[in-house]
Amino acid sequence: MRVGIGILGFGTVGGALLRKLVEEGSSVSTKTGLEIEVVRVAVRDLAKDRPVALADGVLTDNPLEVVNDPGVQLVVEIMGGEEPAGDLVAAALRAGKPVVTANKALIASRGEELIGIAGQSGVPLLFEAAVAGGIPIIRPLSETLAGEQIDRVLGIVNGTTNYILTKMTEEGAEYKAALAEAQELGYAESDPTADVSGADAAAKAAILASLAFGTWVGSDRVYTEGIEHIGATDVRIAAELGYVIKLLAVAENTAEGISVRVHPAVVPAAHPLAVIRGATNAVFVEGPSFHELLFAGPGAGGAPTATAVLGDVVDAARELLAGAQVAPPIRFQPGRVLDFESATTTWYLRLEVADRPGVLAQVAGVFADNDVSIKSVWQEGEDDGATLLLVTHANNEGRQRASAAALRSLEVVRDVAAVIRVEGAGPTPNL
Ligand code: NAP
Ligand code: HSE
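Residues take numbers from 1 onward in each chain, read along the sequence in its written order. Whichever chain is written first is A, and whichever ligand is written first is 1; the rest continue in order. Local features in a predicted model are, by the rule used here, given only for residues with pLDDT of at least 70; side-chain atom pairs are given and counted only at 80 or more, and totals for whole chains, interfaces and linings are based on all residues. Side-chain numbers here rest on the full set of heavy atoms in the structure, without hydrogens or water.

> Sorry, what's going on with the overall build of the protein here?
For the protein, the count of helices and strands is 14 helices and 17 strands. Its C-alpha atoms give the protein a radius of gyration of 24 Å, within 12% of the compact-globule value 22 Å for 431 residues. Along the first, second and third principal axes, the C-alpha set of the protein runs to 80 × 45 × 35 Å. Within the protein, buried positions represent 56% of all 431 residues. Put simply, DSSP H or I for four residues or longer makes a helix, DSSP E for two residues or longer makes a strand, and each gets a number counted from the N terminus. In this treatment the radius of gyration is a C-alpha quantity, and the globule benchmark scales as 2.2 Å times the residue count to the 0.38 power. With a 1.4 Å probe rolled over the protein chains alone, any residue whose accessible area is under 20% of its type maximum counts as buried; one over 50% counts as exposed, and the rest are partly exposed.

> How should I be thinking about the pairing of strand 13 (residues 344-353) in this particular structure?
Regular strands place their side chains on alternate faces of the sheet. Within strand 13, eight of the 10 residues are buried, which leaves the element mostly enclosed by the surrounding structure. In terms of strand pairing, strand 13 meets strand 16 (residues 395-396) through two bridges, oriented antiparallel. Paired with Thr345 across the strands is Asn395, a residue of strand 16. In this scheme, strands are said to pair when DSSP sees at least two bridges between them. Bridge count for strand 13 against strand 17 (residues 413-422) is eight bridges, and the pairing is antiparallel. Considered in strand 17, the bridge of Trp347 is made with Arg421.

> What exactly am I supposed to notice about the site of ligand 1 here?
Whether a residue is near a molecule or strand depends on its heavy atoms: if one lies within 4 Å, it is near. Around ligand 1, the structure places 27 residues, and the nearest of them are Asp45, Lys48, Arg50, Glu189 and Gly301. Think of a polar contact as two N or O atoms within 3.5 Å of one another; within protein, one of them needs to be a possible hydrogen donor and the other a possible acceptor, and neighboring residues in sequence only count if both atoms come from side chains. The contact in question runs from an oxygen atom of ligand 1 to an N or O atom on the side chain of Ser190, over 3.1 Å. Considered on its own, ligand 1 offers 900 Å² of accessible surface; in the complex 89% of this is hidden by protein. For this classification, the nonpolar set comprises Ala, Val, Leu, Ile, Met, Phe, Trp, Tyr, Cys and Pro, the charged set comprises Asp, Glu, Lys and Arg, and every other residue, Gly included, is treated as polar. Looking at the shell around ligand 1 residue by residue, the class counts come to 12 nonpolar, nine polar and six charged. For the domain bounds, the source is a domain assignment made automatically or taken from a database. Both domains that meet at the shell around ligand 1, namely domain 1 (2-133 + 302-322) and domain 2 (146-297), each give it at least three residues. The Shrake-Rupley method, run with a 1.4 Å probe, gives the accessible areas here. Residue values count only the displayed protein chains as cover.

> Any chance you could explain the environment of Ile374 here in plain terms?
Here Ile374 shows up in strand 14 (residues 374-380). Given a relative accessible area of 26%, Ile374 falls into the partly exposed group. On a C-alpha basis, the gap between Ile374 and Ser403 in space is 11 Å, while along the polypeptide they are 29 residues apart.

> Mind showing me how you'd approach the site of ligand 2 here?
Lining the immediate environment of ligand 2, one finds Lys104, Asn158, Gly159, Thr160, Tyr187, Ala188, Glu189, Asp195, Asp200, Lys204, Gly299 and Ala300. A distance of 2.7 Å separates an oxygen atom of ligand 2 from a polar side-chain atom of Lys204. For the shell around ligand 2, the elements supplying multiple residues, two or more each, are helix 7 (159-171) and helix 10 (199-213).

> Could you clarify how one ought to interpret the nonpolar core in this entry?
The nonpolar side chains of a soluble globular protein tend to be buried with one another. Side-chain atoms within 4.5 Å link the members of a nonpolar core, which is a set of buried Ala, Val, Leu, Ile, Met, Phe, Trp, Tyr and Cys residues. Grouped together as the largest cluster of nonpolar side chains are 82 residues, with contacts concentrated most on Leu93, Leu125, Phe127, Ile137, Leu141, Ile150 and Val285. Examining the composition of this core, we find that 11 residues originate from one element, helix 10, more than from any other. The residues contacting Val285, other than those within four sequence positions of it, are Ile137, Leu141, Leu145, Ile150, Arg152, Phe290, His291, Glu292, Leu293 and Phe295. Counting 32 residues, the second-largest nonpolar core is a separate cluster that includes Val28, Val43, Ala102 and Ala306. Note on contacts: a residue pair qualifies if any of its non-hydrogen atoms lie within 4.5 Å across the two residues.

> Looking at this structure, I do not really get the sheet that holds strand 3 (residues 59-60). What am I missing?
By definition, the strands of a sheet pair up through backbone hydrogen bonds, in either a parallel or an antiparallel sense. The six strands are arranged 3-2-1-4-5-6 in an open sheet whose pairing can be described as parallel. Pairing within the sheet leaves two strands with one partner each, and these edge strands are strand 3 and strand 6 (125-126). As paired strands, strand 4 (residues 74-77) and strand 5 (residues 99-101) are joined by three bridges and run parallel to one another. Looking at the pairing, Val75 lines up with Val99 of strand 5.

> In this structure, what is going on with helix 4 (residues 85-94)? I would like to understand it.
Because an α-helix completes one turn every 3.6 residues, residues spaced three or four positions apart along the sequence face the same direction. Within helix 4, seven of the 10 residues are buried, which leaves the element mostly enclosed by the surrounding structure. Taken as a whole, helix 4 has its buried residues at Ala85, Gly86, Leu88, Val89, Ala90, Ala92 and Leu93. Each element contacted by the buried residues of helix 4 is listed here: strand 1 (2-8), helix 3 (63-68), strand 4, strand 5, helix 5 (104-121) and strand 6. One or two positions beyond helix 4, positive phi appears at Gly96, with a value near 80 degrees.

> Whenever I open this one, the pattern of salt bridges confuses me. Can you help?
In a structure, side chains of opposite charge can pair up when their charged atoms sit close to one another. Whenever a carboxyl oxygen of Asp or Glu lies within 4 Å of a side-chain nitrogen of Lys or Arg, that contact is scored as a salt bridge. Within the structure shown, the criterion is met by 30 salt bridges. In this structure, the salt-bridge partner of Asp339 is Arg221, at a minimum N-O distance of 3.3 Å. Here Arg221 lies in the loop between helix 10 and strand 8 (223-224) and Asp339 lies in the loop between helix 12 (302-322) and strand 13, a separation of 118 residues in the sequence. Through salt bridges that share partners, Arg152, Glu252, Arg261, Glu286 and Glu423 make up one connected network.

> What should I look at first to understand the side chain of Thr161 in this one?
Relative to the assigned elements, Thr161 resides in helix 7. For Thr161, a relative accessible area of 0% translates into the label buried. In this view, Thr161 contacts Asp195, Val196, Ile227 and Leu247; residues no more than four positions away in its chain are not counted.

> Would you mind showing me how to read the domain arrangement of the protein here?
By a widely used convention, the size of an interface equals the accessible area lost when the partners come together. Considered domain by domain, the protein is made up of domain 1 (2-133 + 302-322), domain 2 (146-297) and domain 3 (343-422). The gap between the C-alpha centroids of domain 2 and domain 3 is 25 Å. Contact residues are listed per partner, giving 18 residues for domain 2 and 14 residues for domain 3. By buried area we mean how much accessible surface two parts lose on assembly, using a 1.4 Å probe and totalling the loss over both. A combined buried area of about 1200 Å² lies between domain 2 and domain 3, and 59% of that area is made up of carbon and sulfur atoms. When the area that domain 2 buries against domain 3 is broken down by residue, the three leading residues are Asp234, Leu241 and Val266, summing to 37%.

Here it is, written out as structure tokens:
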């Protein structure tokens, strides 16, 4: 059974996918009976060297030629960016061609519309590779757990930042050198600002929340903080106190509404997420029937991502050959998405303060005024250069922020040098 596919993009993921299809294609046909033929491939620069040789006439620098080619029955979008990728995906779906994409930025911004177009055309739009690279998480959320109440999704969903934080924690590496390595290894986005600013993780968190809770959450509703402000001092202090710093995505569905956020977090060293190293990703899904499920594996890189893309290609090709009308996996319902200010958070703060009588009392007074309770306090240094480290009890994010603002206005506080939220300090998941 032959299926002709067109691929938009021949970069990190495209190169790995074409290697699988062109050089290792026999295992797809042996296991599935499908002959997947690469009919057309679009790139930006026809003069670039490519890691896999393709037959004459396959490469083009006009992506519309791929979508419109009558021999292309299924389109794989792995070029990245919101446009022109979005319009190309929409055009393919309108033409009745199934689409597989790894593009989380596109799905997070236009996913609801594109899923709607796919539904009208009765063809699949699959995006397993868009979240957490090679880890199967989209299918479990949209199929296996489709009938379940899901309360919380918590995880590490960006490989580049986890790689950088791991290198800083374990080897004392410089932030910039670790980022350059992550780019070299093919983990980072074309513009790595998307990784380090948290935007990539926010797009993934929005997709996870939408599928988990059945309400579409745009990435503009995700509170987003990156790792650019995390320095060696906080990495060292966290380690001394028995914590590690991770960039986390947290999506919660409470009686008040849905809350989705991405930010660095201080995590106890004993928590399962603390040992997720390098470009590995891990996602906890929590619900009353199944308690906790943990999905973990390679979250970035050409080969693992191509594995997820190929799985979707096989799935979509089977649907295509079966000739069935495919309904969207989830029917999204309206829901309330909360502002982050109303979320409940726990804070770690590093304050640079004068070391003289009454300073701690003033600091404690600010927290008391804002009804925020302090859990622990440590002090480093003395005389001119004292550093106060505080961890608060869980409280309203808005009240925590009001405390930080009031601390900044105290004459004895020279700097609120770091604010990092604490996650996982409650009971350790029962794995
Ligand atoms: P990449 O290495 O930058 O490759 C992008 C490819 O698309 C290149 O071949 C480029 O052509 C082509 N392209 C870009 N714009 C084009 C245009 N307007 N017309 C024609 N071709 C165009 O990106 P990547 O790392 O493979 O990522 C691809 C997608 O997968 C992104 O959505 C990314 O978020 C997602 N993803 C990546 C990873 C990962 O670990 N890398 C993991 C999961 C998901 P040239 O080669 O000629 O420049
Ligand atoms: N740049 C992304 C990351 C690729 O580092 O996780 C996987 O989506």
